[in-house]
Amino acid sequence: MDAALAVLLTAVLTLIIGKLVLFRLRCPNAPPCISGWIPWFGVAFQFGKGPLEFIEQARVKYGPVFTVFALGHRYTFVTEEEGIEAFFMSKDVNFEQAVQQAVKHTVSIPAKVFYKNRYNLYVMLKGKMAPPNLHIFMKTLCKELHEFVEQLGTEGTEELHDLVRHIMYPAAVNTLFGKDIWPTSRSEISEFEEHFQMFDEDFEYASQMPVCFLRNWSKSRQWLLKTLEKVTSAAARTNPSKSESKTVLQHLLDTLPDKHFAPNYSLLLLWASQANAVPVAFWTLVFIISHPDIYKKIMEDIISVFGNAGKDKTEISQDDLKKLPLIKWCVLEAIRLRSPGAITKKVMNPIKIQNFTIPAGDMLMISPYWLHRNPKYFPDPDMFKPDRWKAANLEKNAFLDNFVPFGGGNHQCPGRWFAIMEIHLLVVLFLNKYEFILLDTVPKESHLHLVGTQQPTGPCRVQYKLRE
Ligand code: HEM
């Protein structure tokens, strides 16, 4: 080996060992750390290949609290009660600090603007989409869903994820952002879907790396921001004075003092409202159709509420949804099985979890996906068992213990009740109108991403025809 190279390697190794020794001296009780041997890069490669598998294997090998070092960051995972409680409740961890960089990379909102506005926007969204206000959306959402479902005709064969996407994107967007200000012709919708899909697909990479490496992603973001510039100025122009007549987008505009960032915030809201809800609706339908006993029971329930007809544009109310609890359980069970791979907070002051001290600066992580597979909390965790939701007090809007797909504590997803309602409604509307047959086996979920709901790994075609 070349002498200069040998000197360089020795220097690098000394530096790494020195840093590790220093870290251990400063934080003697830090959890076991999986760091690899490449400086700064850490185990990014192994982790990136299949992050969901990686964290489960690490839990088995290193115990319930462990740190993964990758791309210069320390990600400390907690997998049991004590750590989860700290994740949701501790004042020493911070949500805003954990997500700010990702927000800056993906929708170009600077740190100062983000910190100034986040709380007010969160409170506004949480209030507008709280359970007592959901009736405001119900009529429009039902009408919009019908309009796009009509376009499916009397029968056909389609990839189910595409089918759900074509209906849910425009219906939800028209409901939350306002109908007449959003491009809604067929070609505009498909262009929008194409760009949104690209934006969503690489969102996780874009949140962590310079976007110059993601050229197609950047183009789609640009297209979406340009479209949202027009949408937000139309929403501002037509903003009514009465609060009840405003769309969620118009409430957002009223709450945001930095108006020139309105398209950026709208893109963030658009992503948050679609990225998880669309695949969850897909999974709910796939799970139902692939379980004949559950499908049969659901159809009996639907017939008992709406009678035999499925052809008309049946208006569905919140009371109707209440009479169809099994479908709501199916939605929640699909969410349980396809929950975000990880959610994050930043450790601001060292915190003690079990016998470990997690140092300030670490990203503290929990994995709803794996938590929901712990048989201690969910017996037969890999099985689709909607009946387990009988035990939840859904009348009082309480989930089952340790069900955390929407986060917890002060930062729970403000759109969660809207999401559950829109998926419930879509499933009722679909199954009331059409009979479905699965043409492919149920695809596996992709383990490639930690952010958000898992996407299917392969196609899943269905044949549908109007119910007799
Ligand atoms: C099944 C569907 C959904 C899932 C699984 C989901 C999950 C989540 C999660 C895990 C978070 C972060 C919580 C944390 O880190 O503690 C979040 C935040 C958020 N979600 Fe959802 N979400 C869904 C649907 C929606 C919908 C339909 C909307 C809007 C209509 C929405 C709006 C938001 C917003 C605005 C935030 C950021 C809140 C903040 O600034 O603190 N989500 N969601």
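- The name an unreviewed UniProt entry gives the chain is 24-hydroxycholesterol 7-alpha-hydroxylase, with Alligator sinensis as the organism.

1. Some thoughts on the coordination of the iron atom of the ligand
Here is step 1 of the chain: For the iron atom of the ligand, the sole protein-derived donor is Cys413 (SG), lying 2.3 Å away.
Here is step 2 of the chain: Its place among the elements puts cysteine 413 in the loop between helix H18 (368-371) and helix H19 (416-433).

2. Quick look at the packing of aromatic side chains
Centre distance and the angle of the planes are the two values used to describe a pair of aromatic rings.
Here is step 1 of the chain: Throughout the structure, instances matching the rule amount to 23 aromatic pairs.
Here is step 2 of the chain: Seen from their ring centres, phenylalanine 199 and phenylalanine 203 are 5.7 Å apart, and the 75° between their planes marks the pair as edge-to-face.
Here is step 3 of the chain: With a relative accessible area of 7%, phenylalanine 203 lands in the buried category.
Here is step 4 of the chain: Ring centres of phenylalanine 436 and tyrosine 464 lie 6.3 Å apart, and the angle between their planes is 45°; on these two criteria the pair is classed as tilted. One end of the pair, phenylalanine 436, is in strand S10 (residues 434-438); the other, tyrosine 464, is in strand S11 (residues 461-466), and 28 residues separate them in sequence.
Here is step 5 of the chain: On the basis of relative accessibility, which here comes to 4%, the residue phenylalanine 436 falls in the buried class.

3. Observations concerning the site of the ligand
Here is step 1 of the chain: Close to the ligand lie 21 residues; Phe95, Arg118, Tyr122, Pro405 and Cys413 are nearest.
Here is step 2 of the chain: Within the side chain of arginine 118, a nitrogen or oxygen atom sits 2.4 Å from an oxygen atom of the ligand.
Here is step 3 of the chain: Between a nitrogen atom of the ligand and a main-chain N or O atom of alanine 272, the distance comes to 3.4 Å.
Here is step 4 of the chain: Looking at the shell around the ligand residue by residue, the classes come out as 14 nonpolar, five polar and two charged.

4. Details of the packing of helix H9 (residues 186-201) against helix H13 (residues 262-274)
The relative placement of two packed helices comes down to the angle between their axes together with the axis-to-axis distance.
Here is step 1 of the chain: Where H9 meets H13, the closest approach of the two axes is 11 Å, and the angle between their N-to-C directions is 85°. Here H9 lies roughly perpendicular to H13, going by the angle between them. Residues Phe192, Phe196, Phe199 and Asp200 of H9 lie in contact with H13, whose contacting residues are Leu267, Leu270, Trp271 and Gln274.

5. A look at the sheet that holds strand S1 (residues 33-34)
Here is step 1 of the chain: On the basis of which strands lie adjacent, the open sheet formed by six strands has the order S1-S2-S3-S9-S6-S4 and mixed pairing. Strand pairing shows two members of the sheet lacking a second neighbour, S1 and strand S4 (93-94), which therefore form its edges.
Here is step 2 of the chain: Bridge count for S4 against strand S6 (residues 343-347) is two bridges, and the pairing is antiparallel. Across the sheet, valine 93 pairs through a bridge with valine 347, a residue of S6.
Here is step 3 of the chain: Relative to S6, helix H5 (residues 95-107) is tilted by about 115°, and along the sheet it contacts S4, S6 and strand S9 (363-366).

6. Some details on the UniProt feature "binding site: substrate" (unreviewed entry) in the chain
Here is step 1 of the chain: Sites flagged by UniProt as "binding site: substrate" (unreviewed entry) map to Asn276.
Here is step 2 of the chain: As for its placement among the helices and strands, asparagine 276 is situated in the loop between H13 and helix H14 (277-289).
Here is step 3 of the chain: In this structure, asparagine 276 is in contact with Gly452 and Thr453, ignoring residues within four places of it in sequence.

7. Overview of the side chain of threonine 76
Here is step 1 of the chain: Here threonine 76 is to be found in strand S3 (residues 73-78).
Here is step 2 of the chain: Engagement of the side chain of threonine 76 in a polar contact is seen with the side chain of threonine 67, the distance being 2.8 Å.
Here is step 3 of the chain: With residues up to four places along the chain from it excluded, the contact list for threonine 76 reads Pro31, Val65, Phe66, Thr67, Ile358, Asp362, Met363, Leu364 and Met365.

8. Considering the environment of leucine 52
Here is step 1 of the chain: Note that leucine 52 resides in helix H3 (residues 51-62).
Here is step 2 of the chain: For leucine 52 and leucine 431, which are 379 residues apart along the polypeptide, the C-alpha to C-alpha distance reads 33 Å.
Here is step 3 of the chain: Setting aside its immediate chain neighbours within four residues, leucine 52 contacts Gly341, Ser367, Tyr369, Trp370, His447, His449, Leu450 and Gln454.

Parameters and conventions
For every chain, the first residue of the written sequence is number 1, and numbering continues from 1 along that sequence. At least 70 in pLDDT is required for a residue's local features to be given in this predicted model, at least 80 for side-chain atom pairs to be given and counted, and no such filter applies to totals for whole chains, interfaces and linings, which use all residues. Just so you know, side-chain values use all the structure's heavy atoms and leave hydrogens and water out. Donor atoms (N, O, S) are those found within 2.8 Å of the metal centre, with the cutoff raised to 3.2 Å for Na, K and Ca; water is not part of the atom list, so apparent gaps in a site can occur. The way it works is that DSSP assigns letters per residue, a run of H or I at least four long becomes a helix, a run of E at least two long becomes a strand, and they are numbered from the N terminus. Pairing of aromatic side chains here covers Phe, Tyr and the six-membered ring of Trp, requires ring centres within 6.5 Å, and sorts the geometry by plane angle: under 30 degrees stacked, over 60 edge-to-face, intermediate tilted. Working definition: with a 1.4 Å probe on protein chains only, accessible area under 20% of the residue-type maximum means buried, over 50% means exposed, and in between means partly exposed. We call a residue near a molecule or strand whenever a single non-hydrogen atom of that residue lies within 4 Å of it. Here a polar contact is recorded for every N or O atom pair within 3.5 Å, except that within protein the pair must consist of a potential hydrogen donor and a potential acceptor, and residues adjacent in sequence are included only if both atoms are side-chain atoms. The nonpolar class holds Ala, Val, Leu, Ile, Met, Phe, Trp, Tyr, Cys and Pro. Asp, Glu, Lys and Arg form the charged class, and all remaining residues, Gly among them, are polar. Here an angle of 0 to 180 degrees is reported between the N-to-C directions of two axes, which are lines fitted to C-alpha atoms, with helices fitted over the stretch in contact. Our angle categories are set so that under 35 degrees counts as roughly parallel, over 145 as roughly antiparallel, 65 to 115 as roughly perpendicular, and the remainder as oblique. Pairs of residues are marked as contacts when any of their non-hydrogen atoms sit within 4.5 Å. Whether two strands pair depends on DSSP finding at least two bridges between them. UniProt positions are given in the numbering used here, feature names are shortened, and annotations may be inferred rather than shown by experiment.

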